[in-house]
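Letter by letter, the chains look like this.
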Amino acid sequence: MNVQAVADLSPDERAALFDRDAGVAAARDTARDIVERVRTEGDVALREYAEEFDGVSVGNVDITDEVERAADRLDDDLLAHIETAAANIREFHEAQRPENWTKEFEGRELGRRYRPLERVGAYVPGGTAAYPSSALMGVIPAKVAGVDHVAVATPPAEDLNDATLAAIHVAGADAVYQAGGAQAIAALAYGTESVSSVQKIVGPGNRFVTAAKAEVREDCEIDFLAGPSEVLVIADGTADPGVVASDLVAQAEHDPNASVVAVTPDESLAADIAQQCDRQAGERDRSDVIQEALDNDASGVFTARSMSEAVLFAGEYAAEHLSIQAENDEELLDRIEAGGSVFLGPFSPVAAGDYAAGPNHVLPTGGLAKTTGGLSVDHFLVSQTVQRLDRDALADISETVTTLAETEGLEAHAESVRKRFEE
Ligand code: NAD
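Because the structure is a prediction, the values reported are computed rather than measured.

Asker: Sorry, what's going on with the overall build of the protein chain here?
Answerer: The helix and strand inventory of the protein chain stands at 17 helices and 14 strands. Burial statistics for the protein chain: of 423 residues in total, 49% are counted as buried. Put simply, 73% of the contacts in the protein chain that link residues at least 6 apart link residues at least 24 apart. As displayed, the protein chain offers around 19800 Å² of accessible surface, 45% of which is attributable to carbon and sulfur atoms. Counting 33 positive and 78 negative side-chain charges, the protein chain places the averaged centre of each group 7 Å from the other.

And the structure:
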């Protein structure tokens, strides 16, 4: 990997870093065609796409009955680890559940209540790697929110991954379909003979999945665009270059379209990180995928003239995962404008959050972290406001309401207030 100075970036290089979309825009046309075919042809299209993209001849699309059996045959040790991760994720998400509240404001009794959605779909990726962790991350917050029907779609395979199926079972999904990619998103959004449509689709995926979520969002709510993985590490001279590189290489192994970045004011640290990335990439099983991601235009090791310049760079990059490996990490966190999920200190690898620390790993990518947080219980709730005014409270604000209503030319609004005080 080359080391480049932030100050030397050309406008095109800055655009590749800060306006990155990891190939999602280029996948939009393909995703649109797939969505349209599934919408009109249903299961027939799902089966044909399974043959074409997954090389699998699918019998039953609905595999709900399979997941409990997969959990029963899974190695006890592996099942126990899935349950440990599930427990930590559930505990963290239970702490997020908002309480209904009511408060008295001088005769105005006002409050906020939360209702769960009824039917949601969680996409669990499974193209080039298996993602039992994403099953836990998508389904558990929905169940904690109280969603009645949580459906999962995951790519078909000759031998479906038992760990993924077991995790879907442990998380408590109500329906499971073998469908992957854009076709799965279309099936969840519009329904097919085998798949019941849902109100909202959540979950991560590759560029086709992400492009399809963007396609269906006018008809079906989505969480946000959670595409190919990203990490930005901001480091000072106290950081261990081998550890920083290990976090970059780990996210790079998700996808050739993944984006991984380190930025530091320390030139010799930057050189060591770049060297370690090249060395570690060659030692990993998925070295081809890693190398492609490291070579991506939105990846790189950068030097900044000061920590302030590094902070600005990190905020503008707005990575899905933000790791701060520096002495004054909390102070830096306050100054960095954006980052989907934050990892502080030498013992908080991004991988801990990917699997088992508790926070959600379904996170906004492509700079969306500037405006959107990661998947949470809130994504599965609808809030309602409630108000009850007593006679005096309405009298107190009646002139304000009638004046503003008449200013807007809405006389019937004003009259509905006056009506309450007629003898
Ligand atoms: P996936 O399930 O997302 O995609 C596999 C599907 O892609 C296949 O079933 C196939 O239908 C479709 N596909 C493949 N090639 C295609 C083509 N040429 N045309 C149309 N469709 C095609 O699994 P994956 O590919 O392993 O990707 C998982 C992704 O999820 C990675 O990019 C990873 O970084 C990302 N991820 C993101 C987050 C997040 O929160 N942002 C979290 C975890 C994983």
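Let's pick the thread back up.
Asker: Help me out: how do you make sense of the nonpolar core in this one?
Answerer: A general tendency of soluble globular proteins is for nonpolar side chains to be buried together. Judged by nonpolar contacts, the single largest core of 43 residues is most densely connected at Leu136, Val152, Ile168 and Phe380. Elements with a contribution of two residues or more to this core: helix H4 (66-73), helix H5 (76-94), strand S4 (119-123), helix H6 (132-145), strand S5 (149-154) and helix H7 (162-171). Of all the elements, H6 adds the most residues to this core, at eight residues. In this view, Leu136 contacts Ile82, Ala85, Ala86, Ile89, Pro141, Ala167 and Ala171; residues no more than four positions away in its chain are not counted. Ala187, Ala211, Ala212 and Ile222 belong to the second largest nonpolar core, which has 35 residues in total.

Asker: What is the right way to read the UniProt feature "binding site: substrate" (unreviewed entry) in the protein chain from this model?
Answerer: The positions UniProt marks with the feature "binding site: substrate" (unreviewed entry) are Ser229, Gln251, His254, His321, Asp354, Glu408 and His413. The largest pairwise C-alpha distance within this set of annotated residues, which runs over 185 residues, is 56.4 Å, so the set is dispersed in three dimensions. By the secondary structure assignment, Gln251 is in helix H10 (residues 241-252). When residues no more than four places from it in sequence are discounted, the contact partners of Gln251 are Ser229, Val231, Ala258, Val260, His321, Val350 and Asp354. Among the polar contacts made by the side chain of His321, one reaches the main-chain carbonyl oxygen of Glu230 at a distance of 2.8 Å.

Asker: Is there a simple way to think about the pairing of strand S2 (residues 101-105) in this case?
Answerer: Remember that side chains alternate between the two faces of the sheet whenever the strand is regular. Pairing of S2 with strand S3 (residues 108-116) involves five bridges; the strand directions are antiparallel. The residue of S3 that forms the bridge with Glu104 is Glu109. With antiparallel pairing between neighbouring strands as the criterion, S2 and S3 make up a hairpin whose turn holds two residues, including Glu106 at a positive phi of roughly 45°.

Asker: What is the right way to read the site of the ligand from this model?
Answerer: Around the ligand, the structure places 29 residues, and the nearest of them are Asp54, Tyr123, Asn206, Ser229 and Asp255. One of the side-chain nitrogen or oxygen atoms of Glu320 is found 3.0 Å away from a nitrogen atom of the ligand. In the complex, the protein chains occlude 88% of the 870 Å² of accessible area that the ligand would expose alone. Only helix H3 (43-54), helix H8 (181-190) and helix H9 (207-216) provide two or more residues apiece to the shell around the ligand. The residue makeup of the shell around the ligand, split by class, is 13 nonpolar, 13 polar and three charged.

Asker: Can you help me understand the sheet that holds strand S11 (residues 300-303) in this one?
Answerer: Across the sheet, six strands lie side by side as S1-S11-S10-S9-S12-S13; this open sheet has parallel pairing. Two strands bound the open sheet, and with one partner strand each, they are strand S1 (3-5) and strand S13 (341-344). For this sheet, the mean inter-axis angle between neighbouring strands, taken without regard to orientation, is 20°. Looking at chain direction, S1 and S11 are connected through three bridges and run parallel. Counterpart to Val3 in the pairing with S11 is Val301. Each of strand S9 (230-235), strand S10 (259-264) and strand S12 (321-325) is contacted by H10, which is oriented at about 170° to S9, the strand it contacts most.

Asker: What am I meant to see in the UniProt feature "binding site: Zn(2+)" (unreviewed entry) in the protein chain here?
Answerer: Here, the residues flagged by UniProt with the feature "binding site: Zn(2+)" (unreviewed entry) are Gln251, His254, Asp354 and His413. Across 163 residues in sequence, these annotated residues place their C-alpha atoms as far as 56.4 Å from one another, rather than forming a single compact spot. The buried category is assigned to Gln251, whose relative accessible area is 1%. Beyond its immediate stretch of four places on either side in the chain, Asp354 contacts Ser133, Met137, Gln251, His254, His321 and His361. Polar contacts involving the side chain of Asp354 include one to the side chain of Gln251, which spans 2.9 Å.

Asker: I keep staring at the packing of helix H2 (residues 28-41) against H3 and nothing clicks. Help me out?
Answerer: Two elements in contact, H2 and H3, have axes whose closest approach is 6 Å; the angle formed by their N-to-C orientations is 140°. Put simply, H2 runs oblique to H3. In this structure, H2 contributes Asp33, Ile34, Arg37, Val38 and Glu41 to the contact, and H3 contributes Asp43, Val44, Ala45, Leu46, Glu48, Tyr49 and Phe53. Here the contact of H2 with H3 is composed, by residue class, of seven nonpolar, no polar and five charged.

Asker: Would you take a moment to explain H6 for this structure?
Answerer: An α-helical turn contains 3.6 residues, so a residue and the one three or four places further along point in the same direction. Helix length check: H6 (14 residues) gives 20 Å between terminal C-alpha atoms against 20 Å at 1.5 Å per residue, within 8%. Burial analysis of H6 places 12 of its 14 residues in the buried class, the great majority of the element. Of all the positions in H6, only Ser133, Ser134, Ala135, Leu136, Met137, Gly138, Val139, Ile140, Pro141, Ala142, Val144 and Ala145 are classed as buried. Downstream of H6 by one or two residues, Gly146 has phi in the positive range, about 100°.

Asker: Honestly, the pattern of salt bridges in this entry has me stumped. Any pointers?
Answerer: Any two side chains of opposite charge can pair, so long as their charged atoms come close to each other. What the rule picks out here adds up to 19 salt bridges. Linking Glu230 and Arg20 is a salt bridge whose minimum nitrogen-to-oxygen distance equals 3.0 Å. Taken together, the positions of Glu230 in strand S9 and Arg20 in the loop between helix H1 (11-18) and H2 put the pair 210 residues apart, joining distant regions of the chain. Comparing Glu230 with Arg20 shows no difference in burial state: the two are buried. Taken together, the shared-partner salt bridges in this structure form one network comprising Arg28, Asp29, Arg32 and Glu215.

The rules we used
- Residues numbered from 1 in each chain as written.
- Predicted model: local features only at pLDDT ≥ 70, side-chain atom pairs only at ≥ 80, totals over all residues.
- Heavy atoms only, no water.
- Helix = DSSP H or I, 4+ residues; strand = E, 2+ residues; numbered from the N terminus.
- Buried < 20%, exposed > 50% of the residue type's maximum accessible area, 1.4 Å probe, protein only.
- Contact = heavy atoms within 4.5 Å.
- Areas by Shrake-Rupley, 256 points an atom, 1.4 Å probe, with all protein chains shown as cover.
- Lys, Arg positive; Asp, Glu negative; His and termini not counted.
- Charge placed at Lys NZ, Arg CZ, Asp CG, Glu CD.
- Core = buried A, V, L, I, M, F, W, Y, C linked by side-chain atoms within 4.5 Å.
- UniProt positions renumbered as here; feature names shortened; annotations may be inferred.
- Polar contact = N/O pair within 3.5 Å; in protein donor to acceptor, adjacent residues only side chain to side chain.
- Pairing = 2+ DSSP bridges.
- Near = heavy atom within 4 Å.
- Nonpolar A, V, L, I, M, F, W, Y, C, P; charged D, E, K, R; others polar.
- Axes fitted to C-alpha atoms, helices over the stretch in contact; angles between N-to-C directions.
- Parallel < 35°, antiparallel > 145°, perpendicular 65-115°, else oblique.
- Expected span 1.5 Å × (residues − 1).
- Salt bridge = Lys/Arg side-chain N within 4 Å of Asp/Glu carboxyl O.

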